[in-house]
Amino acid sequence: MKKSDLIAILVVVGFVIVQARAANNVAPGPTQWIETEAEVLETRSKLRKRSSYTYARASFTAANGHTYETEVRLWSIPLVGRNLAPGDTLTIRYNTNNPVIAQTPFAHFIDSYGLYILIIIGVFFSISRLRKTYMPK
C-alpha cells in the first residue's frame, strides 16, 4: 500500500468520524404534521418545458392560535386536479415545529410513499422481463 493511499484512507475515516459526531450533537425533535383547513388567497401556475405546476398561497390558523400564510403545490393533472379560486378552502398539513412549512395531503402521501411505489413498479417490470427472457414459450 502506498503512502498516499494510507493518507487518503485516514482523511476519509476522519471525515466520517467528524460527520458522525456532528450528527449526534444535532438532534431535532420529532416532526408532527397537523391537518387543517386553509383559505386560498391566490393561485398561480408555473409552466416549464414539459410540465406545469400549480401553486396556491393559503392562510390558516395553527393550533397555537397564530395565523400563517404559506404556499403549497397543488395536484395539477388536467381535469383531475382542483381548480381553486381565491376564497375557496383547501385541506393542508403543516409542520408543528415550523408552521410555515405546509403541503397538501396528496403531496405528503407522495413524499412518504413515492419511493416505495417506484420500487414496486420496478420490481414488477423486472419480474415480467425476466419471465419473458428465461421462461420457455
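Note that the coordinates shown come from a computational prediction; the quantities given were computed from them, not determined experimentally.

K.L.:
Would you mind showing me how to read the pairing of strand β4 (residues 89–95) here?
P.N.:
Judged by how many residues are buried, β4 sits mostly within the fold: five of seven residues are covered. Bridge count for strand β1 (residues 33–47) against β4 is seven bridges, and the pairing is antiparallel. Opposite Ala-38, over in β4, you have Leu-90 as the bridge partner. Relative to strand β5 (residues 102–103), β4 is paired through two bridges, and the arrangement is antiparallel.

K.L.:
Is there a simple way to explain the sheet that holds β1 in this structure?
P.N.:
Two orientations exist for strands paired in a sheet by backbone hydrogen bonds: parallel and antiparallel. With antiparallel pairing, five strands are arranged side by side in an open sheet as β3-β2-β1-β4-β5. Two strands lie at the open edges of the sheet, namely β3 (67–74) and β5, each paired on one side alone.

K.L.:
Got a minute to help me understand the nonpolar core in this structure?
P.N.:
Nonpolar side chains tend toward joint burial in soluble globular proteins. In this structure, Ala-56, Phe-60, Val-72, Leu-74, Leu-90 and Ile-92 are the most contacted members of the largest nonpolar core, which totals 13 residues. Breaking this core down by element, the ones donating at least two residues are β1, β2 (52–61), β3 and β4. What Ile-92 contacts, discounting residues up to four positions off in sequence, is Ile-34, Glu-35, Thr-36, Ala-38, Phe-60, Val-72, Ala-102, Gln-103 and Pro-105.

K.L.:
Just to check I follow, could you spell out the pattern of salt bridges for this structure?
P.N.:
Side-chain pairs of opposite charge can arise where the charged atoms are in close proximity. What the rule picks out here adds up to four salt bridges. In this structure, Glu-35 engages Arg-93 in a salt bridge whose closest nitrogen and oxygen atoms are separated by 3.7 Å. With a gap of 58 residues between them, Glu-35 in strand β1 and Arg-93 in strand β4 connect regions that are remote in the sequence. Here Glu-71 ties to Arg-44 by a salt bridge, and the two come within 2.9 Å at their closest N and O atoms.

K.L.:
How do you make sense of the packing of aromatic side chains when you look at a structure like this?
P.N.:
A ring pair, where both rings are aromatic, is described by two values, the distance of the centres and the angle of the planes. Inspection of the entire model under this criterion finds three aromatic pairs. When the centroid spacing of 6.0 Å and the interplanar angle of 35 degrees are considered together, the rings of Phe-60 and Tyr-68 count as tilted. Judged by relative accessible area, Phe-60 falls into the buried class, the value being 2%. Pairing Phe-124 with Phe-125 gives two aromatic rings, centres 5.5 Å apart and planes at 70 degrees, and the pair type is edge-to-face. Overall, the relative accessible area of 54% leaves Phe-125 in the exposed class. Here the aromatic cluster, defined as three or more aromatic residues joined through ring pairs, consists of Phe-60, Tyr-68 and Tyr-94.

What counts, and at which threshold
Residues numbered from 1 in each chain as written. Predicted model: local features only at pLDDT ≥ 70, side-chain atom pairs only at ≥ 80, totals over all residues. Heavy atoms only, no water. Buried < 20%, exposed > 50% of the residue type's maximum accessible area, 1.4 Å probe, protein only. Helix = DSSP H or I, 4+ residues; strand = E, 2+ residues; numbered from the N terminus. Pairing = 2+ DSSP bridges. Core = buried A, V, L, I, M, F, W, Y, C linked by side-chain atoms within 4.5 Å. Contact = heavy atoms within 4.5 Å. Salt bridge = Lys/Arg side-chain N within 4 Å of Asp/Glu carboxyl O. Phe/Tyr/Trp six-rings, centres within 6.5 Å; stacked < 30°, edge-to-face > 60°.

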